[in-house]
Each structure stands twice: as C-alpha cells, then as structure tokens.
Amino acid sequence: MPVAAEELTVARTWHPWRWVISAVTLVLAAQFVHGLATNAGWDWGTFAEYFTAKSVMAALWLTIQLTFWGTLIGFAFGIALAAARLSQNPVLQVISWFYIWAFRSIPLIVQLLFWFNIAYLYQTLSLGIPFGPAFFTFNVNSVISGSTAAIIGLALHQAAYSAEIVRAGIISVDQGQLEAAAALGIPKRREFFKIVLPQAMRGILPNAANEVISLFKGTSIVSVMAIAELFYQVQVIYGRSGRVVPMLMVATVWYIILTSLLSVVQFYVERHYAKGALRTVPLTPIQQIRTKVAALPLSPRGATR
C-alpha cells in the first residue's frame, strides 16, 4: 500500500566523528586560553604598560604611513605597468615585463638596503636635459632619508606584484563584452570605466587586499635600516628591559588589530563591487546576526507556559 510523502519519517544522519573532533578542538582551545591567563611568562602587566606607550604609538603611526605610501605609490605605478604590459607598444611591453621579472626576483630586504645605500652610487642627482646641461643639482643624502628610502623600496617592490594583479583582473573580463561595446560605438574611455573596470575589480580586490596586508606586515623588514617602525621600536624596548615575550605580543596584537580593520574594509569594498554580479549582495555580519536572531523560535511577549 503506497505511503503518502508527508507520512514518511526522515532519519537524521549522525556524525559522531564530527562531534569528537569538535570536542577535541574546544579542549585544546580552552587549554591555550588557560595558558594565556595563568602562565606568568606572558607578563600581561608589561604588555598593558607598553601597549599604548608614546614610543609604541609613534612607531605604529610610522608603520601606517609606510604602508599607506607604499600602497598608494606601488599600485599607481603598478597600474601604469599593467597598462604598458597590455599595450600594443613592444618597447613598453618589454620594459614592463623586465621590471616585473626583476623586482619579483630580488628579495625585498635587498631592495630596501640598496635604496638605503644609494648614495654610495650617486652622491648627487641632477634634473636637466638628458646628456646635456643640468638645471638643478641636489645631494642624495639630503633628499633620500631612511624613511624615504623605505617608501621607495616598498613602493617599487609592491608595484611589480600589483601590476600582475591588475593585469590579471583586466584580462579576466570576457572579450565578448568588449566586442559588443565596440559594436555599439561606446567610446574606449567609457568602455573601460563602465564595463571593464567594475568587472575587473571583482578579481583584483581580493588579491590586492592580500598584498596590502602583506605590505603592512612587511614594513617590519625596514627595521634592518634602523627606522623606528613598530617592530624596531619593540626590539629597542625589549633590548633594554629584557621583556621579550610581552613586547612581541604588543607588536603582534597591533598587527592583528590593523589587519582585521583592513579585512573589514576589504569586505565592504568587495560587497560594493558584487552588486553587478550577484542578485543579492552578501549580508554584513550585523545583518547576519539580526537574521539569525529573528529566526529563533522565541515566545511572544505575554505568553505563558
């Protein structure tokens, strides 16, 4: 005798190993948190003392400045390199390819030390007619300071990677759309900003955000140039006090905070550019919480049991 579909009983699928793995993970996480709270070696008192110290905050601000200028100049130059790589000019193609190949092959620390010691090669720089008279001449040491050398090194290094990120995003756009735009007589400028760029940004943004975060953490390398960014300042403090672990935690927590803020910015920018590709944009974390709370089977006000 046939049974109606609504009368069928659906058996729940049991996942015992999922519960075992979850329990083990929670126990390990609890042990780690317990160790953070009870192990005197972490020295949270010293951590609290120096976390917002004036010298640490000044070093943090310098780290943010290095990241900002390295990102701004690096991506601006990277966009130019990507345009040269995609152009029909063979000279620009070769130059941009060689630049990207060279700067991705040389370690960042080598590039930074090179620019920091550029005065060994060029004591003065001149502006004028090529192979002709110079109009302005200035001393390299007076113009390129340690911070300037760090920004130049970070920006030129970043440009090589950002150029490939931008190029990959542009070539990911379907060529059929470009052909359709050309058939409709849409000007090239409008075609790029209204058709190519919004679609390319969806591929560019995740990788670009990763590069910005990597650059932010990579600023710690400039400590080899005795520039008082966050990691260098932390080393100076624990070199005097001997409190290595709490001072490293000061730098660690600040890196985590700022990278988390960058991740939040990345989420909202990606959400903005997803409007043209998705029927419904992803919910923000606050919206997700509100949706889950609204779905809870809560009793109405005034109800009695």
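Up top you'll find the structure we're talking about.
Residues numbered from 1 in each chain as written. Predicted model: local features only at pLDDT ≥ 70, side-chain atom pairs only at ≥ 80, totals over all residues. Heavy atoms only, no water.

J.: Would you explain the packing of helix α10 (residues 230-241) against helix α11 (residues 244-273) in this entry?
T.: When two helices pack together, their arrangement is captured by the angle between the axes and the distance separating the axes. Viewed as axis vectors pointing N to C, α10 and α11 meet at an angle of 165 degrees, and their least axial separation amounts to 9 Å. Comparing their axes, α11 and α10 come out roughly antiparallel. You can see that α10 and α11 cross each other, and the crossing is right-handed. Along the contact surface, α10 presents L230, F231, V234, I237 and Y238, while α11 presents V244, M247, L248, A251, W254 and Y255. Partitioning the contact of α10 with α11 into residue classes produces 11 nonpolar, no polar and no charged. (Axes fitted to C-alpha atoms, helices over the stretch in contact; angles between N-to-C directions. Helix = DSSP H or I, 4+ residues; strand = E, 2+ residues; numbered from the N terminus. Parallel < 35°, antiparallel > 145°, perpendicular 65-115°, else oblique. Left-handed = near helix turned anticlockwise from the far one by under 90°. Contact = heavy atoms within 4.5 Å. Nonpolar A, V, L, I, M, F, W, Y, C, P; charged D, E, K, R; others polar.)

J.: Please clarify how a nonpolar patch on the surface should be interpreted in this entry.
T.: Residues W17, V20, I21, V24 and L28 make up a contiguous nonpolar surface patch of roughly 550 Å² in combined accessible area. When you line up the elements, I21 lands in helix α1 (residues 16-38). (Patch = residues over 30% accessible without salt bridge, like charges linked within 9 Å, V, L, I, M, F, W, Y side chains within 5 Å. Areas by Shrake-Rupley, 256 points an atom, 1.4 Å probe, with all protein chains shown as cover. Salt bridge = Lys/Arg side-chain N within 4 Å of Asp/Glu carboxyl O.)

J.: What should I look at first to understand the nonpolar core in this one?
T.: Grouped burial of nonpolar side chains is what soluble globular proteins tend to show. In this structure, V56, L230, V234, M247, V250 and W254 are the most contacted members of the largest nonpolar core, which totals 17 residues. Only α2 (44-51), α3 (54-86), α10 and α11 provide two or more residues apiece to this core. Ranked by residue count, the leading element in this core is α11, at seven residues. If you look at the next biggest cluster of nonpolar residues, it comprises 15 residues, including L108, A119, I144 and M225. (Core = buried A, V, L, I, M, F, W, Y, C linked by side-chain atoms within 4.5 Å. Buried < 20%, exposed > 50% of the residue type's maximum accessible area, 1.4 Å probe, protein only.)

J.: Help me out: how do you make sense of the environment of L62 in this one?
T.: Within the secondary structure layout, L62 lies in helix α3. Put simply, L62 and I227 are 165 residues apart on the chain and 9.1 Å apart in space, counted from C-alpha to C-alpha. Setting aside its immediate chain neighbours within four residues, L62 contacts S147, I227, A228 and E229.

J.: Hey, could you run me through the packing of aromatic side chains in this one?
T.: Centre distance and the angle of the planes are the two values used to describe a pair of aromatic rings. Taken as a whole and assessed by the stated rule, the structure comprises 12 aromatic pairs. Ring geometry for F267 versus Y268: centroids 5.3 Å apart, planes at 85 degrees, classification edge-to-face. The exposure class of Y268 is partly exposed, given its relative accessible area of 40%. Joined through ring pairs, the aromatic side chains of W42, W44, F47, F51 and W254 make up one cluster. (Phe/Tyr/Trp six-rings, centres within 6.5 Å; stacked < 30°, edge-to-face > 60°.)

J.: Would you take a moment to explain the side chain of T71 for this structure?
T.: With respect to the helices and strands, the residue T71 is situated in helix α3. Residue class for T71 comes out buried when judged on its relative accessible area of 17%. In contact with T71, not counting residues within four places along its chain, are V212 and L215.

Nothing here speaks to function; it is all geometry.
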